[in-house]
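# What the coordinates show
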Amino acid sequence: MKPTRVLLTAASTLFVSQVMAGEAVFYITEDGASMRDVAVSVDGQKQLIGKTGFVSFDINSGTHKVELSKYGEWLGDFEFNTDSGDQNAEIQVDVLGGEALEDVLVYTPGQDETPALGQISGYLQSEETGGAVTGASISLVGTDLAVVTDEDGFFSFELPRGNYDVAIAHPNYGQQTVSGVRVMANVNTGVNLTLGMSGNGVIEEVVAVGSYIPSTATAQERDSSAVLDSIGSEQMARFGDSSAASALKRVAGVAVAGGQFAIIRGMAGRYISSTLNGSLMPSTDPMRRDVPLDLFPASVLGGIDIQKSFTPDLPGDSTGGAIRMTTKGMPEFTGGKASVKLGMNSRTTFSDVNSYEGGGTDFLGVDDGTREQPSYADSFTDGGYNVPTFITTDERIQLTQSFDHQYGVQQVQAKPERGFAVSYGHVAEGNDATRGMYGAFSYGDEWTARHDAEVNDLSEVGTYERTKRNIDLAGYFYYGIENANLLLESKTVLLRKTDDTTKVSQIVDEGKDQELKSTLLQWVERQYLGQQFSGTHYFNLLGDDTVQWRAGIAQTSRYEPDRRSYTYGRATGTNNDFAFQGTVERRYSDLTETTVDLGSDITSEIMLNDLMLKAKVGFSYTTKSRDVELARYANRTVNGSAVDATASLDDIFSDANVDDGVVTFTGTTASTDSYNADEDTVALYASGELDMDTLSVLAGLRYESISQELRYPNSADSSNTLDESYVLPALSANWRATEEAQLRASITQTISRPGITERSESIQYDPETDKPMTGNPDLEISDITNLDLRGEYYFSEEESVTVALFYKDVTNPIERSVVDGDGSAATGYTYNNVPSAELSGLEMDFRINVLETDLWSGFVSGNFAYVDSNVDLSGSEAERLEGTSSRELQGQSKYLGNLQFGIDELSTGQSLTLLVNYFDDRIYATSRGELAPIIEDGRTTFDIVYRYDVSETLAVKAKVANITDEAVTYSRNGTAIESYYVGTDFNASVEYQF
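Quantities reported herein were computed from a predicted structural model and do not represent experimental measurements.

### Here we look at the overall build of the protein
Looking only at helices and strands, the protein has 10 helices and 58 strands in total. For the protein, the C-alpha atoms occupy an extent of roughly 115 × 60 × 50 Å along the three principal directions. Taking all 994 residues of the protein together, the buried fraction comes to 53%. In the protein, of all internal contacts separated by at least 6 residues, the share reaching a separation of at least 24 is 69%. Here the protein displays about 40,900 Å² of accessible surface, and carbon together with sulfur accounts for 52% of that area.

Here it is as structure tokens:
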């Protein structure tokens, strides 16, 4: 718990008496780490800096001569002055390239207008178990300041300079006091202990561990060179976020569509870049270029940064923002966790829902071959594309027999959500380096459904039920080596998400005067597999120099075997039995995208008299290779009057009817259904940031060259390429008006290039609506100018308020639009460049600690965003087809908001958090002619998260999500055209540390 400013002032006053008048305290570092065995001489008095990292001298008023050496080697000398005998001095010395650079602060105790702060932090370990000691009371003797160690045994205080006695108490480990712990401004002093149940405590170390650089998300945002919002793993755990997608929707100006895809400041996927550990990621969705964020579970993520202003080290398409995810790194201690989870949904769990017969390994999210494309059909018809012209009757029968004709829908009881997770980390301290490894695995199985679903749009009125079984698997392994000069890391990630969907709809089509009953059976496996090696090297050549490099390979896949769809119908207003409408389609698709990413940059911090220059140069190379295989089959017209069209498909496609040639299959794959694509991106960038005390200015350039080629193996003469290069400038400034307040401003240029799918002539099918999506090979790159302004005020390292303004001007934006066609050909979508678009907005974000006592703490945080956009369609095909000259960006909500309230009961380790999320109406899809666009209506969700630390090794968690169960609705001109309910989720988990 961090003390309030009132407590800080009180503590500062209290410890004036403890700080000896006329004292000089030295702290010496090299490459950010404290130096040992340095001889410090002040006015002829010599002392050696030992393990604590500090050394102090009694001084009188006047000029003081300081000399520094190590093992007889001279490091430097300097002088400082004190005007009176009651003045003290804090001297921090940083040794750069063998040269000592001093920073002297002279002060009179008790007369600081704002207390200078440092930190005491530490870790308590059990002598018996080797694990963390949680729930221990840590207090400062003579004050009312106290905290409780967290689940990792960690504690910290942010305090004014001075000497402190630290008291430790635990019901099982007794009491200990560590006396004379020094706090120096901007320095972190570590206090690490091993406690035994006998009451004996072993002080492992009390040592200055380096400059105090706060690691909270707020501190990361404060110290960034750009407009940044950060989400730490602690916040994800506190808010019960299960994936990157659920965490991102709590960020100012960010919405998540379909539970998967981020929209930042009103700008969807093509305006957003996503990286994992610095490497660009391939996509698992054939319809989009952005990455489905529900694929990344919180259990493997170390944090997420959302950078909303462009800097040259970011991909050039980071217009709306850059989502930079990092996985867990070097573990802090040896130990592990295991947890089990159980959940239910108020509408779905234990109810009868639709399903179908699958394979024996469906519970693992892996098809056992049941749905695999028949090898005979594949080889005989070349994947449904090249059916022999003179096919014999026997060959056609054999082709049809190769398929497993199971189409029936059955009622099953939806089971409760269940899952487990286990992780283990090991760290070994060596003489030359620290080595660490961390591994994690998780599994989840959940049933979801849309209930009371209704459709009422144009001539179609009816109901439907859609049931999904979701299987999630995640595996992660980390290995790292770290010492004072380098950090080498290996990260391996395997993520799988499988959706098993059954959808049955009953719609009255007034235009066809028919009542139609349609069925969809769908199995989709999505997978991400990545391996990355990276290194960070520290040295002194120009100044404080850092070299970072990475080399990674990642492969994503989307495997959709045997997607079956068919329709029964009858005349409207009759009681006739529903009859098979003549066609069943079976579709087999397999998308694989492989990305190789290489990159390196060099950063140097160079002192120029009183100025600091941070120079950065780097390069990146990314190559993507996408292979899409799509095979389609359908039955020919059913022959024979003896076939009962009202029978089930299993009966219609019986072995007898197949053997008699009454029902037969043929291939229907189009020449552009399958394609191969390659995309190479080369980037060079350079930037310089000049720190002039209260003002920092960053300027830089990024050069990118992109080459994209699409090929269609079944259409030899059909291919297209895109070759472009561009230079993107960036200029930003950060004015630190006071210690608490700063103002940022930037002007940058970015681009938006068409994705592979958007340029593909292949017809893909929207996973949600099944509407055909056709790319446009003539798409051009969009150019964007960005203006950003943000003011920030920090009450403490945890508390802040920010207000941001932004403006974006887009030339030739790429927009999804309706196709030019008639009848069934007019039901899909394509992509077109339109003349221009403008977007502007306001964001506000805050966090305030509202309760802080020895027993309780509480906070309120939240954010609000207003976004306005206008897309100019005048003179374009989109204007002619949509019947309007302008509209908003698709997916953009005018208003977004979040509110969080949390309260902690410190003595028992319980916490309760209320979460509120709101997004406003947004365009889901455009429409033809005079029809208004389809709007996804805004809604508010309420969640509650609870945690109870039963002991130092056992914790219980619970969450209630979507408490109000507000209907999900889509509308046109204010009239609902589709609605459904998803229910309230209840889940609980038990976590054990070992």
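### So, a nonpolar patch on the surface
Judged by side-chain polarity, Leu695, Trp735, Leu743, Leu789, Val803, Leu805, Leu842, Met844, Phe864 and Tyr895 come together as a nonpolar surface patch covering roughly 800 Å² of accessible area. At the level of elements, strand 44 (800-811) and strand 47 (836-852) are the ones that each hand at least two residues to the nonpolar patch. Residue classification places Tyr895 among the partly exposed residues on the basis of a relative accessible area of 34%.

### Overview of the pairing of strand 54 (residues 939-949)
Of the pairings in the sheet, the one linking strand 51 (residues 910-919) to strand 54 comprises 10 bridges and is antiparallel in character. Bridge assignment links Leu912 to a residue of strand 54, and that residue is Tyr946. The antiparallel pairing of strand 54 with strand 55 (residues 954-961) creates a hairpin that spans 4 residues between the two strands.

### Overview of the packing of aromatic side chains
Considering all chains together, one arrives at 24 aromatic pairs under this definition. For the pair Phe403 and Phe665, a centre-to-centre distance of 5.0 Å together with 25° between the ring planes defines the contact as stacked. Taken as a pair, Phe403 in the loop between helix 6 (393-401) and strand 27 (410-413) and Phe665 in strand 36 (residues 665-667) lie far apart in primary sequence, 262 residues in all. Phe403 gets classed as buried once you look at its relative accessible area, which sits at 3%. A residue is classified by how much of its surface remains accessible, and Phe665, at 0% relative accessible area, is buried. Geometrically, the ring pair formed by Tyr438 and Tyr476 is tilted, given 6.2 Å between the ring centres and 55° between the ring planes. In this pair, Tyr438 sits in strand 29 (residues 434-457) while Tyr476 sits in strand 30 (residues 460-482), placing the two residues 38 residues apart along the sequence. One exposure class covers both Tyr438 and Tyr476, and it is buried. Ring-pair connections join several aromatic residues into one group, and the members of that group are Phe403, Tyr407, Tyr566, Tyr568, Phe580, Tyr588, Tyr633, Phe653 and Phe665. Across from the ring centre of Tyr464, 4.7 Å away, lies the NZ or CZ of Lys503, which sits over that ring.

### Quick word on the confidence of the model for the protein
Residues at a pLDDT of 70 or more form 91% of the protein, whose mean pLDDT is 86. Note on residues 1-20: pLDDT is under 50 here. Beyond four places in sequence and across chains, it has 49 contacts. A low-confidence stretch, residues 209-215 stays under pLDDT 50, and its non-local contacts, those more than four residues away or across chains, total 23 contacts.

### Thoughts on the nonpolar core
Counting 35 residues, the largest nonpolar core has Leu248, Phe296, Leu301, Ile304, Ile323 and Met325 as its most contacted members. Here the element with the most residues in this core is helix 4 (residues 244-248); it accounts for 4 residues. Apart from the residues within four sequence positions on either side, Ile323 is in contact with Leu248, Ala262, Ile264, Ile272, Ser273, Ser274, Thr275, Leu293, Ile304 and Asp305. In terms of nonpolar packing, the next biggest core, distinct from the first, is built from 22 residues, Tyr633, Ile652, Phe653 and Val658 among them.

### Remarks on the sheet that holds strand 22 (residues 279-280)
Here 5 strands make up an open sheet; going across it, the order is 18-23-24-21-22 and the pairing mixed. Pairing within the sheet leaves two strands with one partner each, and these edge strands are strand 18 (228-232) and strand 22. The sheet contact formed by strand 21 (residues 272-276) and strand 22 spans 2 bridges and is antiparallel. By the bridge assignment for strand 22, Thr275 is matched with Leu280.

### Remarks on helix 6
Note on helix geometry: an α-helix contains 3.6 residues per turn, so any two residues three or four positions apart are oriented the same way. Turning to helix 6, its buried residues are Arg396, Ile397, Leu399 and Thr400. Considered in projection along helix 6, the buried side chains sweep an arc of 160° and stay on one side of the axis. Packing partners of the buried residues in helix 6 comprise helix 5 (375-381), helix 8 (655-659) and strand 36.

### Quick notes on unusual backbone geometry
Positive phi, close to 50°, is recorded for Asp43, a residue that is not glycine. Relative to the helices and strands, Asp43 is located in the loop between strand 3 (38-42) and strand 4 (45-48). By relative accessible area, which is 40% here, Asp43 ends up partly exposed. Of note in this structure, Asn277 is not a glycine but carries a positive phi near 55°. Tracing the sequence through the fold places Asn277 in the loop between strand 21 and strand 22. The exposure class assigned to Asn277 is buried, which follows from its relative accessible area of 13%.

### Things to note about the pattern of salt bridges
This structure, assessed with the given rule, holds 54 salt bridges. As a salt-bridge pair, Asp904 and Arg238 come within 2.8 Å of each other at their nearest N and O atoms. Of the two residues, Asp904 is situated in strand 50 (residues 895-905) and Arg238 in helix 3 (residues 233-238); the sequence distance between them amounts to 666 residues. With a relative accessible area of 17%, Asp904 lands in the buried category. Where Arg702 meets Glu704, a salt bridge forms, and the shortest distance between an N and an O atom there is 2.7 Å. Each member of the pair, Arg702 as well as Glu704, is classed as buried. In this structure, a network of salt bridges that share partners links the residues Asp229, Arg265, Lys308, Arg744, Asp788, Arg790, Glu792 and Glu843.

### Re the side chain of Ser243
Tracing the backbone through its elements, the reader meets Ser243 in the loop between helix 3 and helix 4. Judged by relative accessible area, Ser243 falls into the buried class, the value being 8%. With sequence-adjacent residues up to four places away left out, Ser243 is seen in contact with Leu293, Asp294, Phe296, Pro297 and Ala298.

### Looking at a negative patch on the surface
Taken together, the side chains of Glu357, Asp404, Asp577, Asp644, Asp650 and Asp651 make up a negatively charged region of the molecular surface. By the element assignment, Asp577 lies in the loop between strand 33 (544-571) and strand 34 (579-608).

### Concerning the pairing of strand 20 (residues 261-264)
Because side chains alternate across strand 20, one face comprises the buried residues Phe261 and Ile263, and the other comprises Ala262 and Ile264, equally buried. Looking at chain direction, strand 19 (residues 254-257) and strand 20 are connected through 4 bridges and run antiparallel. Its bridge partner lying in strand 20, Val256 is registered against Ala262. Counting the residues in the hairpin turn of strand 19 and strand 20 gives 3 residues, including Gly258, whose phi is positive at 65°.

Basis of the calculations
Residues numbered from 1 in each chain as written. Predicted model: local features only at pLDDT ≥ 70, side-chain atom pairs only at ≥ 80, totals over all residues. Heavy atoms only, no water. Helix = DSSP H or I, 4+ residues; strand = E, 2+ residues; numbered from the N terminus. Buried < 20%, exposed > 50% of the residue type's maximum accessible area, 1.4 Å probe, protein only. Contact = heavy atoms within 4.5 Å. Areas by Shrake-Rupley, 256 points an atom, 1.4 Å probe, with all protein chains shown as cover. Patch = residues over 30% accessible without salt bridge, like charges linked within 9 Å, V, L, I, M, F, W, Y side chains within 5 Å. Salt bridge = Lys/Arg side-chain N within 4 Å of Asp/Glu carboxyl O. Pairing = 2+ DSSP bridges. Phe/Tyr/Trp six-rings, centres within 6.5 Å; stacked < 30°, edge-to-face > 60°. Lys NZ or Arg CZ within 6 Å of the ring centre and 35° of its normal. pLDDT = per-residue confidence, 0-100. Core = buried A, V, L, I, M, F, W, Y, C linked by side-chain atoms within 4.5 Å. Arc of directions from axis to C-beta. Lys, Arg positive; Asp, Glu negative; His and termini not counted. Charge placed at Lys NZ, Arg CZ, Asp CG, Glu CD.

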